Amino acid sequence: MEKVKISPFQFFSILVLFQFGTTLVVNLGLEAGRDAWIAVLIGTVIGMLIFSLNAYLYTAFPDKLPVEYYRLLLGKYVGSLVGLVYAVLYMFTAARDLVDGGLLVMASAALRETPLLIVNLLMIMAVAYVLHQGLEVLARTATIFLAIMFMIGVFSGIVILFSGIIDLQLLLPVMGEGFQPILESVLKKNIHFPFGELICATAIFPAVNHTKNGVKAGLLAILVTGVILAHVSLITISVLGADITERAVFPLLTMMGKVEISEFIERTQILIVMVLIIGVFFKISLYYYAALISSSILFKIPYRKLIYPYALVILGLSIILARSYSEHLMKGGAYLYTVFPFYSIGLPLLLVIICLIRKAILGRRSGSAPGPGSGPASGS
Amino acid sequence: MRKHQGLTILIMCCCLGLLSGCWDVVELNKRAIVSGIGVDWKEEEKEYLVSFQTVIADEISGKAGRGATPTSVYKASGKSVVEAMRNASRKVPRIISLAHTGLIVISDRVAREGIIDLFDYLDRDSDIRLNAEVLIATQGQTAEDVVSAMTPIGKITAFALEQKIDLTSGQLGENFRIEVDDVIRGLLTPGGGPLVNGVMIEGSAEKASKMETLKNAKVEGLAVISQMAVFKGDRLVSWLNADESRGTVWIRNKMKITPIHLKLLDQGGEISLEVMRSKTRLLADLEDPANPIIHIHVEPNFSIREVNSAIDLRNPATMKLLEDAASREVIRIMELAVRKSKKVNSDILGFGQAVERSDPSAWRKMKNRWDQLFPRVQVKYHVKPVIRNSQMRDRSVLYKIHNQ
């Protein structure tokens, strides 16, 4: 593995953009209706807890990639198998996000003749190119795009406010249907999407140059994204009402379409398409990178050699995954709360437990209590 | 690097092909920009007759104009709007582009048959934006007449009508902007329906569509905004009259400016007030779940505009008198709206939402029988009027004459 170093701020930027990815534009907390924002906020808190699991493993093994500490904790063969499963999972999710991005771009920009393959090809080429340049370049790109996203966010906020389309009455009553729909939404969606997906951030943890601040940056990224996502869903519902938001394929895009300031500032939806493309780009990049770096350790192949074959695999997968958007969403929804939690919550939890037991045993053996990180690292 | 030079150039050339732009590009000179859509019903064929008001850019920019009308109307029929649009391709030399549609006119006939299919299309379509204004053509007139009408100020009728709505909602208060998403939210109201602005041709519809009408100072046909149409579910059931419209606007808290005329009993004078600003809140009282009571709290601010009476406007007691009279008038107007909406049994006033806001769990139980409950809802009015000013004078000339 090459020695790349990224700063906590760059790490923060990547994570924020990663989480914005598709989440910002698609439906969030469908089941919770007009209380979607509450569901997102609860999801954020749980997301931070899940992230802490990964963060614990990271502080225990600050210089090791996930695959390496899987091997350490689960034994060579089981660990490698788990690493392989994760690599496949990451690649699959990268392909799913590529489809997401492609379909969203096609629908939002009203591309009627352009084949999905071309849209996906352009995206994966851009991602592959950046990854070829290395993680540092991705991180620096992230900081620039974070600034752009920030500007778009501020501008959108101002125009929405001044076009007077917000009707706060549409948000009332709060929790009219009781707490159950919110809970359902949190369990089925908001934990895993996007916060559970941060499992793939473990792949770039070792590159962060400051362990403690890295963890802080990660937690802060989740908090910031969660609050912004809740805010966005709040605004969308207050503009469109819960019913239209629920049926909309891209509520944010539809909402921005309502913006009109004295027949001068209008059609600002294009900004949302931009947000979408930037977000999807980072989402695919991170999954793709996680898959690459895990496989390169597993198979002992330099990761640059894997970039282009993997790009082809992801592109191919993205074409055969789903025939229609509804099929894609249906599969995605099911995958999100059946298969995915096992990998995003189950395995990290197991690893943390093993790690704790291991530390206790090692601590007893050596007679002194090593601090987190120093014990297991010296044991390897 | 040098040995890869040829390869690099080759790759860059390939990339150029990708960077040239959109696969789906349609140049402006291949597009017919539609500013307004009119939807009528063809009885014999049982089909929609859709009229597209297309903008003729040459006539608007002026230089290349032939002195023809700035807009042209293409008609086509079909079972759906999309089908009509495709059928229109036989007539229009360019791709019909709906992205700039600002106005959708639906004929009274279509509205009475139900608009849910139409609005699914308008909601779903990626070109038409939710900001498009919706209007219903008055009984006996067609939507086609409306989109074909010429407009003296401005060039494109559809955009002129949009401005008329904004203006009249701000100046008269018998209408307010209703966009596609407002209609959809209306369709989803339990026991209610959307409320849509009306439009009619004043004068001759025939002459309104001709360029000649613009050559006269007295236009012979003009598209004007009329009262609002009430829907029950997705069907038009009734039209409001002026006061009912005003009451509805008031209860929906969309009132900006409206004139109010008061007849004073004891002095026999008349006074015109104007509402400068008004705020309405609906509160539901559900102590007896079988008989919900709606409290309407209105806080209008008035300004005195015209005094045909000898009352002393310097005297605070007179102001109190006027405020009381004004509040009775406001209640009268709102009562008319409530009576009408109860009569057609359509909750266009947002009472259901008021109940939902104050007690969500009770609302869930009564939501399905809101149809039966709504006509029996009791309404209590609480008006807190304030007369802010009397413009540039206080006492009137009449006062001076009487007290000399």
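All of these numbers come straight from a predicted model, not from anything done at the bench.

Caption draft 1: Layout of the confidence of the model for chain A. Looking at chain A, the pLDDT average stands at 84 and 93% of residues meet or exceed 70. With pLDDT under 50 throughout, residues 368-380 of chain A is counted as low confidence; its partners more than four residues away or in other chains account for 13 contacts.

Caption draft 2: Here's a closer look at the domain arrangement of chain B. Residue and element names in this part refer to chain B. When the domains of chain B are assigned, the result is domain 1 (25-239) and domain 2 (258-404). Each of domain 1 and domain 2 was reduced to a C-alpha centroid, and the two centroids are 34 Å apart. Contacts between domain 1 and domain 2 engage 15 residues on the former and 13 residues on the latter. Taken together, both faces of the contact between domain 1 and domain 2 bury some 1000 Å²; the carbon and sulfur share is 59%.

Caption draft 3: Structural context of the pairing of strand β9 (residues 235-239) of chain B. All names here are of chain B. Looking at chain direction, strand β8 (residues 221-232) and β9 are connected through four bridges and run antiparallel. The partner of Ala 229 across the bridge, within β9, is Trp 239. The antiparallel hairpin formed by β8 and β9 contains two residues in its connecting segment, where Gly 233 sits at a positive phi of about 65°.

Caption draft 4: A look at the interface of chain B and chain A. Across the contact, 23 residues belong to chain B and 33 residues belong to chain A. At the boundary of chain B and chain A, one finds four salt bridges. Put simply, Lys 258 of chain A and Asp 181 of chain B hold a salt bridge, and the shortest N to O gap is 2.9 Å. Here chain B is connected to chain A by 10 residue pairs in polar contact (both at pLDDT 80 or more). Every element with two or more residues in the side of chain B that touches chain A is listed here: α8 (180-187), α12 (351-358) and α13 (360-366) of chain B. The element best represented in the side of chain B that touches chain A is α8 of chain B, accounting for three residues. Split into classes, the residues belonging to the side of chain B that touches chain A amount to eight nonpolar, four polar and 11 charged.

Caption draft 5: Spatial organisation of the nonpolar core. Among the nonpolar cores identified, the biggest contains 214 residues, and Tyr 288 of chain A together with Ile 106, Phe 119, Ile 296, Leu 322 and Phe 351 of chain B are the most heavily contacted of them. The element that contributes the greatest number of residues to this core is helix α11 (residues 269-299) of chain A, accounting for 20 residues. Ignoring anything within four residues of it in the chain, the contact list for Phe 351 of chain B reads Ile 251, Leu 282, Ile 294, Ile 296, Val 338, Trp 370, Phe 374, Val 377 and Val 379 of chain B.

Caption draft 6: Summary view of the pattern of salt bridges. Residues and elements named next belong to chain B. Counted under the stated rule, the structure contains 32 salt bridges over all chains. Among the ionic pairs, Arg 109 bridges to Glu 43, the shortest N-O distance being 2.6 Å. Note that Arg 109 is positioned in helix α4 (residues 108-113) and Glu 43 in the loop between β1 (31-42) and β2 (47-55), a separation of 66 residues in sequence. Assessed through its relative accessible area of 34%, Arg 109 is described here as partly exposed. On the basis of relative accessible area, Glu 43 is assigned to the partly exposed category, the value being 36%. Across the pair Arg 124 and Asp 120 runs a salt bridge whose closest N-O atoms are separated by 3.0 Å.

Caption draft 7: Spotlight on the pairing of strand β11 (residues 270-285) of chain B. Residue and element names in this part refer to chain B. Alignment of strand β10 (residues 258-263) against β11, held across six bridges, turns out to be antiparallel. Each bridged residue has a counterpart across the sheet, and for Lys 263 the counterpart in β11 is Glu 270. Examined bridge by bridge, β11 and strand β12 (residues 293-308) share 15 bridges and lie antiparallel to one another. Bridging from a neighbouring strand, Leu 283 pairs with His 295 of β12.

Caption draft 8: Focus on the packing of aromatic side chains. A full pass over the atoms with the stated rule returns 19 aromatic pairs over all chains. Between Phe 342 of chain A and Tyr 343 of chain A, the ring centres sit 5.2 Å apart and the planes meet at 80°, which makes this aromatic pair edge-to-face. Aromatic pair Trp 41 of chain B and Tyr 48 of chain B: ring centres 5.3 Å apart, planes at 75°, arrangement edge-to-face. In textbook terms, an aromatic cluster arises when at least three aromatic residues are bridged by ring pairs, as seen for Phe 18, Phe 61, Tyr 69, Tyr 70, Tyr 86, Tyr 90, Tyr 287, Phe 342 and Tyr 343 of chain A.

Calculation notes
Residues numbered from 1 in each chain as written. Chains lettered and ligands numbered in written order. Predicted model: local features only at pLDDT ≥ 70, side-chain atom pairs only at ≥ 80, totals over all residues. Heavy atoms only, no water. pLDDT = per-residue confidence, 0-100. Contact = heavy atoms within 4.5 Å. Domains from an automatic or database assignment. Buried area = accessible area lost by both parts, 1.4 Å probe. Pairing = 2+ DSSP bridges. Helix = DSSP H or I, 4+ residues; strand = E, 2+ residues; numbered from the N terminus. Salt bridge = Lys/Arg side-chain N within 4 Å of Asp/Glu carboxyl O. Polar contact = N/O pair within 3.5 Å; in protein donor to acceptor, adjacent residues only side chain to side chain. Nonpolar A, V, L, I, M, F, W, Y, C, P; charged D, E, K, R; others polar. Core = buried A, V, L, I, M, F, W, Y, C linked by side-chain atoms within 4.5 Å. Buried < 20%, exposed > 50% of the residue type's maximum accessible area, 1.4 Å probe, protein only. Phe/Tyr/Trp six-rings, centres within 6.5 Å; stacked < 30°, edge-to-face > 60°.

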